[in-house]
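What follows is the residue order along each chain.
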Amino acid sequence: MPELQRLTTGHADALLDFERDNREFFARSVPDRGDDYFTGFATRQAELLAEQAAGLCHFHVLVDADGSVLGRFNLVDVSADGSADLGFRVAERVTRRGVATDAVRRVCALARERYGLHRLYASAALENAGSLGVLRRTGFIPVGEVVLSGRPGIRHVLELTV
C-alpha cells in the first residue's frame, strides 16, 4: 500500500518527476502549471516548505514502494478558525483504482487528528469528473458554484467531526 508522507526536501526529485510525467494528463482537467513551474521548481519547493514550517499549509505526497510519487494531497490556506482548502492530484497510471479516494480519506483524518482542523473546503471543475467523484465518495458536500481559472466548478465542504 502506498504511504502518505508529509512533504520534505527529500521528495523533491520524485515530485518533480511526478509533475513532469503527468503534465499532459493534468492539463486535460486543470490548467497547466506552465514552463516556469518546472524551471523554478527548486525555489518554489523551498517556498512551500517554508509555508509548511510556519503552519500555513500541510503538504503530503503519496509514495509507492519504489519511492515514486503517486499523488500529492495539500491542505492550504490554513486559517485560525480551523479550516483549510484541500487540493489533490494523482498520477495517470493509478487513476480509477481508488487511490485518490483512499488518500483523501487519510488526509482528512490527519487534518482532524494531527492538525486540529474542523472544516475542509475543496473545489473541482465541472469537467473534472474524477475529482468530483472523489469528493463525493469522501463525504464532501457541494455548497456552491465557483470559477477555477476560467472554468466553471463546484465548491465543497466537509465538516471534520470527532
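The structure we're discussing is the one just above.
Counting starts from 1 at the beginning of each chain's written sequence and moves along it residue by residue. Only residues with pLDDT of 70 or above have their local features reported here, since the model is predicted, and side-chain atom pairs are shown and tallied only from 80 upward, although totals for entire chains, interfaces and linings are computed over all residues. Just so you know, side-chain values use all the structure's heavy atoms and leave hydrogens and water out.

A. A look at the overall build of the protein chain. When helices and strands are tallied, the protein chain shows six helices and seven strands. What counts as a helix is a DSSP run of H or I of at least four residues, what counts as a strand is a run of E of at least two, and both are numbered from the N terminus. Secondary structure elements of the protein chain occur, N-terminal to C-terminal, as β-α-α-α-α-β-β-β-α-β-α-β-β. For the protein chain, the spread of C-alpha atoms along the three principal axes comes to 35 × 35 × 30 Å. Each residue is placed in one exposure class: buried if its accessible area under a 1.4 Å probe, protein chains only, is under 20% of its type's maximum, exposed if it is over 50%, and partly exposed if it falls in between. Here the protein chain holds 162 residues, and 43% of them are scored as buried. Here a residue-residue contact requires only that any non-hydrogen atoms of the pair lie within 4.5 Å. Counted over contacts in the protein chain with a minimum sequence separation of 6, partners at least 24 positions apart contribute 59%. Note on areas: Shrake-Rupley, 1.4 Å probe, and residue coverage restricted to the protein chains presented here. Roughly 8700 Å² of accessible area belongs to the protein chain as shown, and the carbon and sulfur atoms make up 51% of that amount. Here the protein chain holds 20 positive side-chain charges and 22 negative ones, and the gap between their average locations is 5 Å. In this tally Asp and Glu are treated as negative and Lys and Arg as positive; neither His nor the chain ends contributes. Lysine's charge is taken at NZ, arginine's at CZ, aspartate's at CG and glutamate's at CD.

B. Structural context of the environment of arginine 33. For arginine 33, the position within the fold is in the loop between helix 2 (23-27) and helix 3 (35-39). Arginine 33 sits in the partly exposed class, given a relative accessible area of 35%. Filtering out sequence-adjacent residues up to four positions away, arginine 33 remains in contact with Glu19, Arg72 and Arg89. A 3.5 Å cut-off defines polar contacts: any pair of N or O atoms within that distance qualifies, except that in protein one atom must be a possible hydrogen donor and the other a possible acceptor, and neighbouring residues in sequence count only when both atoms are side-chain atoms. A distance of 3.3 Å separates a polar atom in the side chain of arginine 33 from a polar atom in the side chain of glutamate 19.

C. The sheet that holds strand 4 (residues 83-90), seen in detail. We call two strands paired when DSSP finds no fewer than two bridges between them. The strand order across the open sheet formed by seven strands is 1-2-3-4-5-7-6, and the pairing between neighbours is mixed. Since the sheet does not close on itself, it has two edges, and those belong to strand 1 (3-6) and strand 6 (141-148), each with one partner. On average, adjacent strands in this sheet sit at an angle of 25° to one another, irrespective of strand direction. Set on the sheet, helix 4 (residues 41-53) makes contact with strand 1, strand 2 (58-63) and strand 3 (69-76); between it and strand 2 the angle comes to about 120°. Axes here mean lines fitted to C-alpha atoms, for a helix over just the part in contact, with angles spanning 0 to 180 degrees between N-to-C directions. Sitting on the sheet, helix 6 (residues 129-137) is in contact with strand 4, strand 5 (119-125) and strand 7 (151-159), with an inclination near 155° to strand 5.

D. A look at the nonpolar core. Nine residue types can take part in a nonpolar core, namely buried Ala, Val, Leu, Ile, Met, Phe, Trp, Tyr and Cys, and a core is a set of them joined through side-chain atoms within 4.5 Å. The biggest cluster of nonpolar side chains holds 47 residues, and the ones touching the most others in it are Phe73, Leu75, Leu120 and Phe140. Broken down by element, this core gets its largest block of residues, eight residues, from helix 5 (residues 99-113). Beyond its immediate stretch of four places on either side in the chain, phenylalanine 140 contacts Leu86, Val104, Cys108, Leu120, Tyr121, Ala122, Leu135, His156, Val157 and Leu158.

E. Representation of unusual backbone geometry within the structure. One non-glycine residue, arginine 96, adopts positive backbone phi at about 65°. By the element assignment, arginine 96 lies in the loop between strand 4 and helix 5. According to the relative accessible area criterion, arginine 96 is exposed, its value standing at 84%. For serine 149, which is not a glycine, the phi torsion comes out positive at approximately 50°. For serine 149, the location among the structural elements is in the loop between strand 6 and strand 7. Using a relative accessible area of 61% as the deciding quantity, one classes serine 149 as exposed.

F. Main features of the pattern of salt bridges. Counted as salt bridges are all cases of a side-chain nitrogen of Lys or Arg within 4 Å of a carboxyl oxygen of Asp or Glu. Applying the stated criterion across every chain yields a total of 12 salt bridges. For glutamate 19, the salt bridge goes to arginine 72, with nearest N and O atoms at 2.7 Å. With glutamate 19 in helix 1 (residues 12-21) and arginine 72 in strand 3, this pair connects stretches of sequence that are 53 residues apart. In this structure, the salt-bridge partner of arginine 44 is glutamate 47, at a minimum N-O distance of 3.8 Å. Taken together, the positions of arginine 44 and glutamate 47, both in helix 4 and three residues apart, correspond to about one turn of that helix.

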